[in-house]
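# An overview of the molecular structure
In case you want the letters, here they are:
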Amino acid sequence: MNRDDLDHAVRAIRIASDVDIVEARTAVRSLASEVGFAGTDLVMIATAVSEIARNIVEYAKRGQVICSVVQTTSHRGLEIVARDEGPGIADVSQAMQDGYSSASGLGLGLPGSRRMMDEFLVDTKPGRGTTITMRKWLP
Amino acid sequence: MRVPILKQGDCVIASIQSALTDEDLYQLRDDLSHLLGKYRSKGVIVDVTVLDVMDSFATRTVRDLAQMARLRGAETVIVGIQPEVAFAMVQLGLELGNVATSLDLEEALALLQV
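The following refers to the structure shown. Just so we're clear, the structure is a prediction, and the values are computed from it rather than from any experiment.

Ranked by size, the top nonpolar core spans 67 residues in total, and within it Val28(A), Ile45(A), Val49(A), Ala53(A), Val65(A) and Leu78(A) carry the most contacts. For Ile45(A), the contacting residues outside a window of four places in its chain are Val28(A), Arg29(A), Ala32(A), Phe37(A), Leu78(A) and Lys136(A).

Laid out in structure tokens, this is it:
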């Protein structure tokens, strides 16, 4: 893929089951690799996607993960948006704490993913779903 | 995809060949638990060399299977966690608890002394 094509590259993955979690992290990882991420960064991006996609399956049952290339004047990176119309998160600051989980998880998904990415935004309303936007910039 | 499991002396060895779904991981846990009873194995080795992601679910399932094996008289060694994967696991706050790990199969067999 040449640079112009890459700037507009978007991967969208529908999430409805555990199989889609693997699909999402594979697709995001491949785009991340094309953008220029390598080694530890690639693994961290894929792991963060896995955690976020699993949250969708676990709490909202279905949703989607959209991955695209972001470019500022000086930086190039990857943006991953995970969106669902599930129950939403009642207390975001609580959900961002290590060890807090309302389901069967370890409670490390959100805070752990935030640590692995450069930017991490949660937009949620109880009953209205959750959108998580994460970005990682090339070093 | 079902993970192939081999019997080697007093050991059962699961060699993961590709990325696993949650369902595959549960299947692996159950298969290992069943086979170590059938073969009366004293050791369980899980080779995760090909895994490029060990997220919270995979880590918890591996920890659970090691705990189940211990309750049934067998010790578990996880083999081949890649350096990048180890780094991401630490960032995520994941631990394998008191489950033994090694870099290769040879070392795992030596650890188990089987």
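Another point: the sheet that holds strand β3 (residues 76–84) of chain A. Residue and element names in this part refer to chain A. An order of β1-β2-β3-β5-β4 is seen for the five strands of this open sheet, with the pairing classed as antiparallel. Bordering the open sheet on either side are β1 (10–15) and β4 (119–125), each of which pairs with just one other strand. Mean inter-strand twist for the sheet, computed between neighbouring axes without regard to direction, equals 15°. Across seven bridges, the pairing between β4 and strand β5 (residues 129–137) is antiparallel. The partner of Leu121 across the bridge, within β5, is Thr133. The strands touched by helix α2 (residues 18–35) within the sheet are β1, β2 (63–71) and β3, with β1 carrying the most contacts at an inclination of about 170°. Where helix α3 (residues 39–60) meets the sheet, it contacts β1, β2, β3 and β5, and its direction lies at approximately 10° from that of β3.

This brings us to unusual backbone geometry. Residues and elements named next belong to chain A. Positioned with a positive phi, Lys61 is a non-glycine residue whose angle comes to about 70°. Residue position: Lys61 is located in the loop between α3 and β2. A residue is classified by how many C-beta atoms lie within 10 Å of it, and Lys61, with 14 of them, is partly exposed.

Criteria and cut-off values
Residues numbered from 1 in each chain as written. Chains lettered and ligands numbered in written order. Predicted model: local features only at pLDDT ≥ 70, side-chain atom pairs only at ≥ 80, totals over all residues. Core = buried A, V, L, I, M, F, W, Y, C linked by C-beta atoms within 7 Å. Buried ≥ 20, exposed ≤ 12 C-beta atoms within 10 Å, placed from the backbone. Contact = placed C-beta atoms within 7 Å. Pairing = 2+ DSSP bridges. Helix = DSSP H or I, 4+ residues; strand = E, 2+ residues; numbered from the N terminus. Axes fitted to C-alpha atoms, helices over the stretch in contact; angles between N-to-C directions.

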